[in-house]
Amino acid sequence: MNQKRILYITQEIFPYLPETQISQISRYLPQAIQDKGHEIRTFMPKFGNINERRNQLHEVIRLSGMNLIIDDSDHSLIIKVASIQSARMQVYFIDNDDFFQNRETLADEKGEEYDDNDERSIFFVRGVLETIKKLRWVPDIIHCHGWFTALAPIYIKKGYKDDPCLKNAKVIYSVYDENFEKPFKEGFSEKLRFDTIGDREIEDVRKRGKMDFVNLTKLAIDYSDGVIQGSENIREELNKYILDKQIPYLTYTSDFDSNLERIGEFCDKIGS
């Protein structure tokens, strides 16, 4: 791969959250790509169950302080950072008192999914993209992991399509066998309104019907330049949807090290 700038947007990274398929690939893929001489930035939400003291998170004052408006409400954007010393890799965290502080990840301690996961996801994705703008860092490739990042492709391709930092970025979305049970609330599509996401885009999202896991994943696929099968078993409906669209598609392999190498080659193909 020619030297590139790659932005990773993920819902979880080990060791900040427990080991899962997403948190493991989000931990070791950026390191592998960085070790090959590429420049990376990695972002995840600062969920309330991440221990700031133990993980040595600290606020980046120069990047914090912006307000994002979602559904006519202001929400303060706080940026924190920590380092995985063994990997020489920094991780940026998107934080907010309303959406992340004193709350678990995507469900509460009883396993009940949060009613405002749609707004939390919007805030997270827009928070990452606004921070990239503030850093004046221009990624060649943006790689998204987990359904909590599924709105990133439409925001990159539509909401930020004229932004000099983001307009030329290629987007890759990794599909995993995760799920969420509680569809986004009615009226979700209107909350997406932002700059060049206007009536046409909102109507397109509304026509898709109930925004459940499958429809949200299809939305991400539709605005991506490439798709990766992140889990051995993804829903057949989604697998068929990807194949029918004839979008560049990297299928799953169980060998972890081989998988890292194949993903790097796939990114090189998409980014060239």
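Residues numbered from 1 in each chain as written. Predicted model: local features only at pLDDT ≥ 70, side-chain atom pairs only at ≥ 80, totals over all residues. Heavy atoms only, no water.

Some thoughts on the pattern of salt bridges
On inspection of all chains with the given rule, the structure shows 24 salt bridges. Between arginine 5 and glutamate 39 there is a salt bridge, with the nearest N and O atoms lying 3.3 Å from each other. With arginine 5 in strand 1 (residues 5-10) and glutamate 39 in strand 2 (residues 39-45), this residue pair connects regions lying 34 residues apart in the sequence. On the accessibility criterion, arginine 5 (28% relative accessible area) is partly exposed. Lysine 36 serves as the salt-bridge partner of glutamate 261, at 3.6 Å between the closest nitrogen and oxygen. In this pair, glutamate 261 is assigned in helix 9 (residues 256-271) and lysine 36 in the loop between helix 1 (21-35) and strand 2, connecting sequence segments 225 residues apart. On the basis of relative accessible area, glutamate 261 is assigned to the partly exposed category, the value being 38%. (Salt bridge = Lys/Arg side-chain N within 4 Å of Asp/Glu carboxyl O. Helix = DSSP H or I, 4+ residues; strand = E, 2+ residues; numbered from the N terminus. Buried < 20%, exposed > 50% of the residue type's maximum accessible area, 1.4 Å probe, protein only.)

Considerations on the packing of helix 1 against helix 9
A pair of packed helices is characterised by two quantities: the angle between their axes and the separation of those axes. With their axes 10 Å apart at the nearest point, helix 1 and helix 9 run at an angle of 60 degrees to one another. Compared by their axis directions, helix 1 and helix 9 come out oblique. Viewed along their axes, helix 1 and helix 9 form a crossing whose handedness is right-handed. Counting all contacts with helix 1, which are made through Gln24, Ile25, Tyr28, Leu29, Ala32 and Ile33, the residues of helix 9 involved are Phe256, Asn259, Leu260, Ile263 and Gly264. Of the residues in the contact of helix 1 with helix 9, the class split is 8 nonpolar, 3 polar and no charged. (Axes fitted to C-alpha atoms, helices over the stretch in contact; angles between N-to-C directions. Parallel < 35°, antiparallel > 145°, perpendicular 65-115°, else oblique. Left-handed = near helix turned anticlockwise from the far one by under 90°. Contact = heavy atoms within 4.5 Å. Nonpolar A, V, L, I, M, F, W, Y, C, P; charged D, E, K, R; others polar.)

Observations regarding the sheet that holds strand 2
The strand order across the open sheet formed by 9 strands is 3-6-7-2-1-8-9-10-11, and the pairing between neighbours is mixed. This sheet does not close on itself; its edge strands, each paired only once, are strand 3 (58-59) and strand 11 (249-250). Strand direction decides the pairing type here: strand 3 and strand 6 (residues 78-84), joined by 2 bridges, are antiparallel. If you follow glutamate 59 over to strand 6, its bridge partner there is lysine 80. (Pairing = 2+ DSSP bridges.)

Re the packing of aromatic side chains
Summed over all chains, the structure comprises 17 aromatic pairs. A centroid spacing of 6.1 Å and a plane angle of 65 degrees characterise the contact between tyrosine 155 and phenylalanine 194, whose relative ring orientation is edge-to-face. Residue tyrosine 155 is located in helix 4 (residues 152-159), and its partner phenylalanine 194 is located in the loop between helix 5 (188-191) and helix 6 (199-207); the two are separated by 39 residues in the primary sequence. In terms of burial, tyrosine 155 and phenylalanine 194 fall into one category: buried. Summarising the aromatic geometry, the rings of tyrosine 160 and phenylalanine 194 are spaced 5.0 Å apart at their centres and angled 35 degrees between planes, so their arrangement reads as tilted. Taken together, the residues tyrosine 160 in the loop between helix 4 and strand 9 (170-175) and phenylalanine 194 in the loop between helix 5 and helix 6 connect sequence positions 34 residues apart. (Phe/Tyr/Trp six-rings, centres within 6.5 Å; stacked < 30°, edge-to-face > 60°.)

Side note on the pairing of strand 8 (residues 141-145)
The element strand 8 is largely enclosed, with a buried count of 5 among its 5 residues. Residue alternation in strand 8 divides its side chains into two sets, Ile141, His143 and His145 and Ile142 and Cys144, and both sets are buried. Examined bridge by bridge, strand 8 and strand 9 share 5 bridges and lie parallel to one another. For isoleucine 142, the partnering residue across the bridge sits in strand 9 and is valine 171. Viewed along the sheet, the connection from strand 8 through helix 4 into strand 9 turns out right-handed. (Right-handed = clockwise from strand over helix to strand, strands pointing away.)

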